[in-house]
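# Tertiary structure, described
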Amino acid sequence: MPSVFETSPNAIPITFVTKSSWDQVAETLPAAQRQFANANGFAAKPGGYLALPAPDGAIAQVLFGLEDEGARSRDLFRPGALPGLLPPGIYRFANAPHDARLAALAFALGCYRFARYRKADRPDVRLVPPAGVDATEISRIADAAFLARDLINTPSNDMGPEELAAAAQELASEFGASFACTIGEDLETNFPLIHAVGMASDRAPRLIDIGWGDPTHPKVTLVGKGVCFDTGGLDLKPSSGMLIMKKDMGGAANVLALARMVMDAKLKVRLRVLIPAVENAVAGNAFRPLDVFTSRKGITVEIGNTDAEGRLVLADALALADEEKPELLIDLGTLTGAARVALGPDLPPFYTNDETLAADVARCAAKENDPLWRMPLWPPYDAWLDSKTATITNAPSGGFAGSITCALFLQRFVEHAKSWLHVDIYGWTPSAKPARPEGGECQAARAIYKVLSERYA
């Protein structure tokens, strides 16, 4: 994507106003502009927009409403609505919004359009970077978010395991990273759970493996759930549950977005990215409820529900990652409806036993307006994973604490990593908000990138 940032001495000013500041701002306007604003009923409501005319008919400046400073709830991405409102041109912030850096990022994110299948012109607007804001860093983050959105928004007929691997290979090639893919008999032998979930599809399952960075630097491994479509398997989802299952590779998309940020910023890490890419389909050879598979780690897993497939493919990938004893192991996946019931679509839960990491993630999530909420790896619930036939089941009966038991399941496959972080994302914006259009979303990646950039710059 071309950069949204551009310098110009003639940029049109955008003045941010609130209900409490509007009267004071109005007094500074020329009489004709003040009258124009009053005639149009501008009241500085959050999201309110008005272009004020100059005597020659050009735009003299833009007014845009924000929440009051002491408001109970403020959307720091509110300025992300501007690209959809502004006429073509180059603009600048005439005064400070609540957070200039986040406002600039929101402006960039608000320029996103998914145009693979129909014309959707990107807004022809540019922004002069606010003073003190690193435009290169903002562009880096926005470009990565656009990658995640594009991958998730692409329908499954054009984004199967092979196409996801091609996207990963293209990213690896761009940054001089290594790329490998395990498929076929090698996958069945070495990653039995990944193979089991994907074997019913005529689109072969695979494990994507990217490596980048100086081998002497700390090892950071990212694992992303790449279920390119999820029917639920033989425990079939209802049609309503399948409707947006093209997003079930959202963990993979966000891991690739995070990897793009890390590599583009040249962070001092030895990065590895693992993506189990599968389609959970229905066929005569599909894996069945109560089947038992021996995982890569040697743990036997009884299939309590074929629709709890994401944790299965992540388990084998996590086991591989853990064998290298990385300093930091992170996995992202669109895993449980229970997380959405508990926290909704905008607030993914995260899990870790590392108190320092937990504090860093929470702080960076707030700082980046990329909300995350810590949930417990509650040891008493670990017994719920017990199976009478195998070591563990992938879907405990009862239905309680579904996101927690999923995290506890994954924890069984992490033994040697110095620190582990698991995030149960949604990867989707159900209804449009400023800077966040309806559809695929970059979740958790920005917050985690901030943690990594603080540690490994």
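Just so it is clear, the model here is predicted, and its values are computed rather than measured.

### Topic: helix α4 (residues 135–153)
The end-to-end C-alpha distance of α4, which contains 19 residues, comes to 26 Å, matching closely the 27 Å that a straight helix rising 1.5 Å per residue would cover. Burial analysis of α4 places 15 of its 19 residues in the buried class, the great majority of the element. The opening residue of α4 is Asp134, an N-cap whose side-chain oxygen sits 3.1 Å from the backbone nitrogen of Thr136.

### What to know about the environment of Asn280
The residue Asn280 is located in strand β10 (residues 270–280) in this model. A relative accessible area of 0% means that Asn280 is categorised as buried. On a C-alpha basis, the gap between Asn280 and Ile194 in space is 10 Å, while along the polypeptide they are 86 residues apart. A distance of 3.2 Å separates a polar atom in the side chain of Asn280 from the backbone oxygen of Thr306.

### Examining unusual backbone geometry
In the Ramachandran plot, Lys266 falls in the positive-phi region, its phi being about 55 degrees despite a non-glycine side chain. With respect to the helices, strands and loops of the structure, Lys266 is situated in the loop between α9 (250–264) and β10. With a phi angle near 55 degrees, Asn369 is a residue other than glycine that sits in the positive phi range. Residue position: Asn369 is located in the loop between α12 (355–367) and β15 (373–374).

### Some thoughts on the packing of aromatic side chains
Under the defined criterion, the tally for this structure stands at 8 aromatic pairs. Relative to Phe64, the ring of Phe16 has its centre 6.3 Å away and its plane inclined at 85 degrees; by these criteria the two rings are edge-to-face. In this pair, Phe16 sits in strand β1 (residues 12–17) while Phe64 sits in strand β3 (residues 59–65), placing the two residues 48 residues apart along the sequence. Like Phe64, Phe16 is buried. Members of the aromatic cluster, joined through ring pairs, are Phe16, Phe64 and Phe93.

Rules used throughout
- Counting from 1, residues in each chain are numbered in the order their sequence is written.
- In keeping with the predicted nature of the model, local features appear solely for residues at pLDDT of at least 70, side-chain atom pairs appear and are counted solely at 80 or more, and the whole-chain, interface and lining totals rest on all residues.
- Neither water nor hydrogens contribute to the side-chain values; these are computed over all heavy atoms in the structure.
- Helix and strand assignments follow DSSP, with helices taken as H or I runs no shorter than four residues and strands as E runs no shorter than two, numbered in order from the N terminus.
- One less than the residue count of a helix, multiplied by 1.5 Å, gives the span that helix is expected to have.
- Buried residues are those whose accessible area, probed at 1.4 Å on protein chains only, stays under 20% of the maximum for their type, while exposed residues exceed 50% and partly exposed ones sit between those limits.
- Here a polar contact means two N or O atoms within 3.5 Å. Within protein one must be a hydrogen donor candidate and the other an acceptor candidate, and residues neighboring in sequence count only if both atoms are side-chain atoms.
- Each Phe, Tyr or Trp ring, with Trp reduced to its six-membered ring, pairs with another whose centre is within 6.5 Å; inter-plane angles below 30 degrees give stacked pairs, above 60 give edge-to-face pairs, and intermediate values give tilted ones.

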